[in-house]
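Listed below are the residues making up each chain.
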Amino acid sequence: MEAPLAERIRPQKLEDYISQAHLVGPDGSLSRQLQSGFIPSLIFWGPPGTGKTTLAQIIAQESQRPFYILSAINSGVKDVREVIDKAKQAGGLFTAKNPILFIDEIHRFSKSQQDSLLAAVEKGWVTLIGATTENPSFEVIPALLSRCQVYILNPFSREDLEALLQRAIREDSVLKQKEIALEETEALLRLSGGDGRKLLNIFELVVNASGPGKITITNEGVLKLAQQNTVLYDKTGEQHYDIISAFIKSMRGSDPNGAVYWLARMIEGGEDLKFIARRMLILASEDIGNANPTALVIANNAFQAVSTIGYPESRIILSQCAVYLATSPKSNATYEAIGKAQSLVKQTGDLPVPIHLRNAPTKLMKDLGYGDEYKYAHSYDNNFAEQEFLPDAISGTRIYEPGNNARENGTREFLRNRWRDKYGY
């Protein structure tokens, strides 16, 4: 059986790799590491079809290391240990070049499965390269994450995708025997969603469905052939981003009907339920904040419950949370405040901490006046004593502006009673 086009033209050398110039370009991190001969354990994080597996294979080939591959979908702890044992034996022949163990979809490994990798990575029996489409901060255990460098792979750009099509026509043993004219590529590029593998699959579908003689690729022809092979919801392509955007904007806009509809679209399309829950967790703080602090508690509990229960029952929890967030009062005041504070830090640099706010754990620090004149709030009426809490250079700068809602209007009054003169509340 003939291999798919994406497999037939998979690059074998780094110089043939298309895209990810920040990693494989002349000054890219991976390029420098391959030149030095030192390859750390890595996590490749990026959407499907961006070349994670290909990069791992090229690294192994160009560094002349034994290469072992596991898929987290169908591998357990026993499989991991067997591969590690083989890698340890092979490593004896490569004193400075320990074997590479590539684990595809490492985010699907349980905690115990990830734990089983720790000793091998720590002791250098293997160089681990994990591939994930999910945020490793959430899906990879901290002990393993701390032992790996995380490299982000971006969706293919328009130029990258067009270069892939040209390579396929020029180099593939099957396609170069045909007369193919790329008259229009917009439909191919849009349907791919930045996924190189998907682009080549659709392209091959269109070519194979064309009759003998010259093959002219047009947008109309591509859409006609590909439409019946394209799912309603592509959780890794353009619709993934459009629908999660509509979901978030419906909740931000206080419309529970829109929120639940887009939620259903994602659920029916097979979206990762924890991804949905994480987005609601972010919205609870970014768009609701202190207008209703309970929203963050609800969203966090929803995320934990979804992680524990799974589908189909978790859809009920997601719906409850989405409706709660959509019908909650809104405020982005704390989101705006941290953005303003970060901009201020970048503008003003490392301003010194006022001496009365400094900690004084040693006698020398006490002798230097650290902590002197600090007013312990609980020693004063209403647990408040006016004093300076910002560096002198930015004294009086108002960073937090309460939102216009019942709870934060109360917060504004609280601040006005204490800081009217200093911050102008």
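Note that the coordinates shown come from a computational prediction; the quantities given were computed from them, not determined experimentally. (Residues numbered from 1 in each chain as written. Predicted model: local features only at pLDDT ≥ 70, side-chain atom pairs only at ≥ 80, totals over all residues. Heavy atoms only, no water.)

### Comments concerning the overall build of the chain
Working step 1: Looking only at helices and strands, the chain has 20 helices and seven strands in total.
Working step 2: For the C-alpha atoms alone, the extent of the chain along its principal axes is close to 90 × 60 × 40 Å.
Working step 3: When the 425 residues of the chain are sorted by exposure, 43% land in the buried category.
Working step 4: Seen as two clouds, the 47 positive and the 50 negative side-chain charges of the chain have centres 3 Å apart. (Helix = DSSP H or I, 4+ residues; strand = E, 2+ residues; numbered from the N terminus. Buried < 20%, exposed > 50% of the residue type's maximum accessible area, 1.4 Å probe, protein only. Lys, Arg positive; Asp, Glu negative; His and termini not counted. Charge placed at Lys NZ, Arg CZ, Asp CG, Glu CD.)

### Details of the packing of helix α15 (residues 273-288) against helix α17 (residues 314-326)
Working step 1: In the contact formed by α15 and α17, the axes pass within 11 Å of each other and the chain directions differ by 15°. If you check the angle between α15 and α17, you find them roughly parallel. As for the relative orientation of α15 and α17, their crossing is left-handed in sense. Contacts from Leu 273, Ile 276, Ala 277, Met 280, Leu 283, Ala 284 and Ile 288 of α15 reach α17 at Ser 314, Leu 318, Cys 321, Ala 322 and Leu 325.
Working step 2: For the contact of α15 with α17, the residue count by class is eleven nonpolar, one polar and no charged. (Axes fitted to C-alpha atoms, helices over the stretch in contact; angles between N-to-C directions. Parallel < 35°, antiparallel > 145°, perpendicular 65-115°, else oblique. Left-handed = near helix turned anticlockwise from the far one by under 90°. Contact = heavy atoms within 4.5 Å. Nonpolar A, V, L, I, M, F, W, Y, C, P; charged D, E, K, R; others polar.)

### Regarding the confidence of the model for the chain
Working step 1: On average, the chain scores 88 in pLDDT, and the residues at 70 or more come to 95%.
Working step 2: Confidence, read as mean pLDDT per element, is least for helix α5 (residues 77-91) in the chain (79) and greatest for α17 (96).
Working step 3: Low pLDDT, under 50, characterises residues 228-232; the stretch is placed with four contacts to residues that sit more than four places away or in other chains. (pLDDT = per-residue confidence, 0-100.)

### Looking at the pattern of salt bridges
Pairing between side chains of opposite charge can happen when the charged atoms of each approach one another.
Working step 1: Inspection of the entire model under this criterion finds 21 salt bridges.
Working step 2: Note that Arg 158 is salt-bridged to Glu 186, the shortest N-O span being 3.0 Å. Residue Arg 158 is found in helix α9 (residues 158-171), and its partner Glu 186 is found in helix α10 (residues 186-192); the two are separated by 28 residues along the sequence.
Working step 3: We classify Arg 158 as partly exposed; its relative accessible area is 39%.
Working step 4: With a shortest N-O distance of 2.8 Å, Asp 287 and Arg 252 are connected by a salt bridge. Of this pair, Asp 287 sits in helix α15 while Arg 252 sits in helix α13 (residues 238-252); the two residues are 35 residues apart in sequence, bridging distant segments of the chain.
Working step 5: On the accessibility criterion, Asp 287 (8% relative accessible area) is buried.
Working step 6: Classification of Arg 252 as partly exposed rests on a relative accessible area of 35%.
Working step 7: The network of salt bridges with shared partners includes Glu 134, Glu 139, Lys 274 and Arg 278. (Salt bridge = Lys/Arg side-chain N within 4 Å of Asp/Glu carboxyl O.)

### Remarks on the packing of aromatic side chains
Working step 1: All told, the structure shown has six aromatic pairs when counted by the stated rule.
Working step 2: Between Phe 389 and Trp 419, the aromatic rings sit 6.3 Å apart at their centres with planes inclined by 80°, giving edge-to-face as the arrangement. Of this pair, Phe 389 sits in the loop between α19 (363-367) and α20 (406-423) while Trp 419 is found in helix α20, placing the two residues 30 residues apart along the sequence.
Working step 3: The structure contains a cluster of three or more aromatic residues connected by ring pairs, namely Phe 384, Phe 389, Trp 419, Tyr 423 and Tyr 425.
Working step 4: The lysine or arginine in question, Arg 278, covers the ring of Phe 138, its NZ or CZ lying 4.6 Å from the ring centre.
Working step 5: Over the ring of Tyr 425 we find Arg 398; its NZ or CZ atom is 4.8 Å from the centre of that ring. (Phe/Tyr/Trp six-rings, centres within 6.5 Å; stacked < 30°, edge-to-face > 60°. Lys NZ or Arg CZ within 6 Å of the ring centre and 35° of its normal.)

### Looking at the sheet that holds strand β5 (residues 149-152)
Working step 1: A sheet is described by the order of its strands in space; here five strands give the open sequence β2-β3-β4-β1-β5, paired in parallel fashion. Across the chains shown, the open sheet's two edge strands, defined by having one partner strand only, are β2 (67-71) and β5. For this sheet the average axis-to-axis angle between neighbouring strands, irrespective of direction, equals 20°.
Working step 2: Judged from the five bridges that link them, strand β3 (residues 100-104) and strand β4 (residues 127-132) form a sheet pairing that is parallel. Following the sheet pairing, Leu 101 is matched in β4 by Leu 128.
Working step 3: Sitting on the sheet, helix α4 (residues 52-62) touches β1 (42-45), β2, β3 and β4, and the angle it makes with β3 is about 175°. (Pairing = 2+ DSSP bridges.)

### Regarding the pairing of β2
Working step 1: Of the two faces of β2, only one is covered, namely that formed by Tyr 68 and Leu 70; the face formed by Phe 67, Ile 69 and Ser 71 stays uncovered.
Working step 2: As defined by bridge partners, β2 adjoins β3 across five bridges and the pair is classed as parallel. Along β3, the bridge assignment pairs Ile 69 with Phe 102.

### Considerations on the pairing of β3
Regular strands have side chains that alternate between both faces of the sheet.
Working step 1: β3 sits mainly inside the fold: four of its five residues count as buried.
Working step 2: Taken together, β3, helix α6 (residues 111-122) and β4 constitute a β-α-β crossover, and its handedness is right-handed. (Right-handed = clockwise from strand over helix to strand, strands pointing away.)

### Considering the environment of Trp 419
Working step 1: Judged by its relative accessible area of 11%, Trp 419 falls in the buried class.
Working step 2: With 261 residues separating them in the primary sequence, Trp 419 and Arg 158 have C-alpha atoms 53 Å apart.
Working step 3: Among all residues touching Trp 419, those that are not within four sequence positions of it are Phe 384, Glu 386, Gln 387, Phe 389, Gly 424 and Tyr 425.

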